[in-house]
Amino acid sequence: MFIKRTFLLLTIALPLFAGVKHLSLPHAIEILKKDNLELKISRFNEQMKIYEAKAAKGMNYGKLDATLMAMRSNDAGNVFGFKLQSREATFGDFGFSEFDGTNPNILNVQPADLNYPEARNHFLTKFSYMLPLYTGGKLTEYGHITESLYRMSQYDTQKLLNAKIFQTKKAFYDISLVENYITNLSKIIRNISKLEAIVKNMKKEGYAKDVDLLEVQARRAEAKSMYNQAKLNKDLAYQFLSFLLNTEVGSIKHLHDMAPMPRVNRKALEANNIDIQKAKLGLHISKRAVKVQKANFLPEVGAFAEYGSADNELWNEFRKKDSYTVGVQVKWNLFNGGVDNANLEKAKVNYMLVQDQVRLAKSGIALKVKKLRTEVLSANADIQSYKKQLRFARRVYENYRARYEEGMVSISDVLIKQSKELEMLLKLLTAKNKRNTKVFELDSILNRGENV
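Residues numbered from 1 in each chain as written. Predicted model: local features only at pLDDT ≥ 70, side-chain atom pairs only at ≥ 80, totals over all residues. Heavy atoms only, no water.

A. Structural context of the overall build of the chain. Helix and strand counts for the chain stand at eleven helices and four strands. Expressed as lengths along the three principal axes of its C-alpha atoms, the size of the chain is roughly 155 × 75 × 35 Å. Looking at the 452 residues of the chain, the share that counts as buried comes to 36%. Of the contacts formed within the chain by residues at least 6 apart in sequence, a portion of 84% connects residues at least 24 apart. Accessible surface, the chain as shown: approximately 27,600 Å² in total, 57% of it carbon and sulfur. Side chains of the chain give 71 positive and 49 negative charges; the mean places of these two sets differ by 11 Å. (Helix = DSSP H or I, 4+ residues; strand = E, 2+ residues; numbered from the N terminus. Buried < 20%, exposed > 50% of the residue type's maximum accessible area, 1.4 Å probe, protein only. Contact = heavy atoms within 4.5 Å. Areas by Shrake-Rupley, 256 points an atom, 1.4 Å probe, with all protein chains shown as cover. Lys, Arg positive; Asp, Glu negative; His and termini not counted. Charge placed at Lys NZ, Arg CZ, Asp CG, Glu CD.)

Shown next as structure tokens:
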């Protein structure tokens with residue numbers, strides 16, 4: 001019974017350990033968008049920028065505070081002030097109960113009611129509201145800047161997404177390439193095994209030496225080592241893909257080992273490239289920053305209002321003893337040693353700097369795209385050449401193997417031709433991998449529609 005239960009549990013758990021099977025590239029990109037940890041962190045940063053923009057807008061609506069103060073004192077000044085604020089002050093508080101008009105020294109009398117009052121409680125409830133009426137446009141510009149910084153964080157997330165899609169595509173094509181490489185290595189190992197069998201038969205008949213057999217076995221061991229290394233590389237690629245997707249991946253749907261070359265349009269490039277968009281947005285922010293510095297030369301106008309009530313009991317006769325204060329404040333800095341002027345000039349210079357950065361971004365990205373396209377076309381030519389050389393190397397190897405059976409060439413000659421086949425296979429794999437990397441980099445720069 002225990003064995004049956006254990007077997008059932010293992011059967012249920014096995015798919016969990018195996019991971020996602022036959023994963024397609026489009027599905028992988030959807031998982032990437034949803035589950036990649038770096039993208040999640042970047043989205044949290046976006047959310048913080050949203051709240052920063054809301055906080056900047058909120059400053060336009062002023063600030064309302066409610067204050068409740070509870071005090072107790074027997075200090076003469078405080079007690080008299082408490083009574084006055086509570087609208088309860090009387091002439092007796094000044095010591096008039098001790099007034100004696102017949103006393104010639106009346107002016108020197110120190111009234112005990114005034115100087116030594118009894119301790120008193122004081123509860124003050126107050127509502128204060130402050131509203132900026134005019135700041136020279138500073139608050140408006142701060143609002144625009146924080147909104148632009150939020151948009152900048154979105155561009156950062158989009159750029160990160162492009163980088164992760166680049167890595168995901170590369171992992172898919174790397175796996176497809178290495179599995180194709182493993183298949184070809186398996187064929188080569190089988191051919192070497194056939195050659196080994198031929199050498200063994202010829203050795204029995206006295207037409208081959210021990211060193212011929214050892215030489216073939218050494219070559220098979222070398223090919224087997226390459227095969228094992230390729231399998232390890234495939235496992236590593238699967239581990240990296242699982243890390244990217246934050247999901248265990250067991251197998252993928254194989255792709256053609258040559259990624260399609262994207263079309264390049266100069267206008268679309270300038271409209272979609274993230275670095276160019278960030279540079280343009282930076283120019284917009286620097287322009288707003290100039291306006292912020294100009295606002296320092298203008299006055300600031302604010303209004304304030306207070307409403308409250310005080311008593312020696314909490315909220316006692318609130319409306320009867322209430323009071324209000326309203327006012328307007330104008331503040332205008334007339335001189336601060338040239339600091340505002342220096343900051344304004346600095347902002348203007350920064351704006352001109354960012355203008356040149358936008359131009360540099362446009363020309364630099366365009367140059368990079370041309371370079372990548374050239375490298376892809378060059379890799380295409382190399383791949384075609386290596387394919388032809390690989391086909392030729394295989395034909396030559398087969399020819400030399402047949403000639404060896406006839407005793408026309410040595411085993412060393414055969415293995416040299418076979419090593420040429422291995423060399424061309426490895427060069428072809430390297431060229432395809434290099435080409436695909438450039439294609440994916442080009443896709444990332446073009447920012448072709450994969451939105452967060």
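Having seen the model, we can carry on.
B. Inspection of the layout of surface pockets at higher detail. Estimates place the volume of the largest pocket at around 390 Å³. Lining the largest pocket are 16 residues, and of these L131, P132, E300, V301 and G302 lie nearest its centre. Among the secondary structure elements, those contributing two or more residues to the lining of the largest pocket are β2 (120-134), α6 (138-204), β3 (300-311) and β4 (322-331). For the lining of the largest pocket, a count of residues per class yields nine nonpolar, three polar and four charged. When its volume is computed, the second largest pocket comes out at roughly 340 Å³. Together, 17 residues line the second largest pocket, and K170, D174, V178, N233 and N433 are the ones closest to its centre. (1 Å grid on protein atoms, 1.4 Å probe; cavity = no way out; pocket = protein on both sides within 12 Å on 5 of 7 lines; lining within 4 Å. Points joined across faces, edges and corners; volume = space filled by probe spheres on them. Nonpolar A, V, L, I, M, F, W, Y, C, P; charged D, E, K, R; others polar.)

C. Representation of the environment of L334 within the structure. Mapped onto the fold, L334 is located in the loop between β4 and α10 (339-405). Between the alpha carbons of L334 and A268 there is a distance of 50 Å; along the sequence they are 66 residues apart.

D. Just helix α3 (residues 37-58), in detail. Spanning 22 residues, α3 covers 32 Å between terminal C-alpha atoms, matching the ideal 32 Å at 1.5 Å per step. Among all positions in α3, only L39, S42, E46, A53 and A56 are buried. The buried side chains of α3 occupy one side of the element, clustering within an arc of 85° when seen end-on. Opposite its buried face, α3 presents the exposed residues I41, F44, Y51 and K54, each directed more than 90 degrees away. In the core, the buried residues of α3 are packed alongside α2 (25-35) and α6. (Expected span 1.5 Å × (residues − 1). Arc of directions from axis to C-beta.)

E. Quick look at the pattern of salt bridges. The final tally for this structure, using the stated rule, is 33 salt bridges. K278 serves as the salt-bridge partner of D156, at 2.6 Å between the closest nitrogen and oxygen. With D156 in helix α6 and K278 in helix α9 (residues 274-295), this pair connects stretches of sequence that are 122 residues apart. D156 sits in the partly exposed class, given a relative accessible area of 32%. Taking the relative accessible area as the measure of exposure, K278 reaches 22% and is therefore partly exposed. One salt bridge in this structure joins E423 and K420, with 3.8 Å as the shortest N-O distance. Here K420 and E423 lie together in helix α11 (residues 411-446), a separation of three residues that amounts to about one turn. Here the residues in one salt-bridge network are E88, R120, D311, E317, K320 and K321, joined through shared partners. (Salt bridge = Lys/Arg side-chain N within 4 Å of Asp/Glu carboxyl O.)

F. Quick look at the packing of helix α7 (residues 210-245) against α11. Close contact between α7 and α11 brings their axes to 10 Å; oriented N to C, the two are set at 10°. In this view, α7 runs roughly parallel relative to α11, as classed from their interaxial angle. In this structure, α7 uses D212, E215, V216, R219 and M226 to contact α11, whose residues at the interface are I411, S412, L415, Q418, S419 and L422. In terms of residue class, the contact of α7 with α11 is made up of five nonpolar, three polar and three charged. (Axes fitted to C-alpha atoms, helices over the stretch in contact; angles between N-to-C directions. Parallel < 35°, antiparallel > 145°, perpendicular 65-115°, else oblique.)

G. Seen up close, unusual backbone geometry. In the Ramachandran plot, R87 falls in the positive-phi region, its phi being about 60° despite a non-glycine side chain. Along the chain, R87 falls in the loop between α4 (76-85) and α5 (112-115). Overall, R87 belongs to the exposed group, its relative accessible area being 52%. In the Ramachandran plot, N246 falls in the positive-phi region, its phi being about 55° despite a non-glycine side chain.

H. Structural detail: empty space enclosed by the protein. Enumeration over the complete set of coordinates arrives at two cavities of 30 Å³ or more. Size it by volume and the largest cavity reaches roughly 50 Å³. In this structure, the largest cavity is lined by A76, V79, F80, K83, D93, D113, L114 and P117. Secondary-structure elements contributing two or more residues to the lining of the largest cavity are α4 and α5. At four residues, the largest contribution of residues to the lining of the largest cavity is made by α4. Counted as a void, the second largest cavity has a volume near 40 Å³. Along the walls of the second largest cavity sit F123, T125, S309, A310, D311, E313, W315, N316 and F318, which together make up its complete lining. Those elements that place two or more of their residues in the lining of the second largest cavity are β2 and β3. Examining the composition of the lining of the second largest cavity, we find that three residues originate from one element, β3, more than from any other.

I. Expanded view of the environment of R72. The topology assignment puts R72 in strand β1 (residues 63-73). Spatially, the C-alpha atoms of R72 and F123 are 8.8 Å apart, while their sequence positions differ by 51 residues. If sequence neighbours within four positions are ignored, R72 has contacts with A119, R120 and N121. Within the structure, R72 has its side chain in polar contact with the side chain of N121 (distance 2.8 Å). (Polar contact = N/O pair within 3.5 Å; in protein donor to acceptor, adjacent residues only side chain to side chain.)

J. The arrangement of the nonpolar core in detail. Grouped together as the largest cluster of nonpolar side chains are 36 residues, with contacts concentrated most on L185, L195, V199, V216, Y404, I411 and V414. Broken down by secondary-structure element, the contributors of at least two residues to this core are α6, α7, α10 and α11. Judged by nonpolar contacts, the second largest core, of 19 residues, contains L23, L25, A171 and V249. (Core = buried A, V, L, I, M, F, W, Y, C linked by side-chain atoms within 4.5 Å.)

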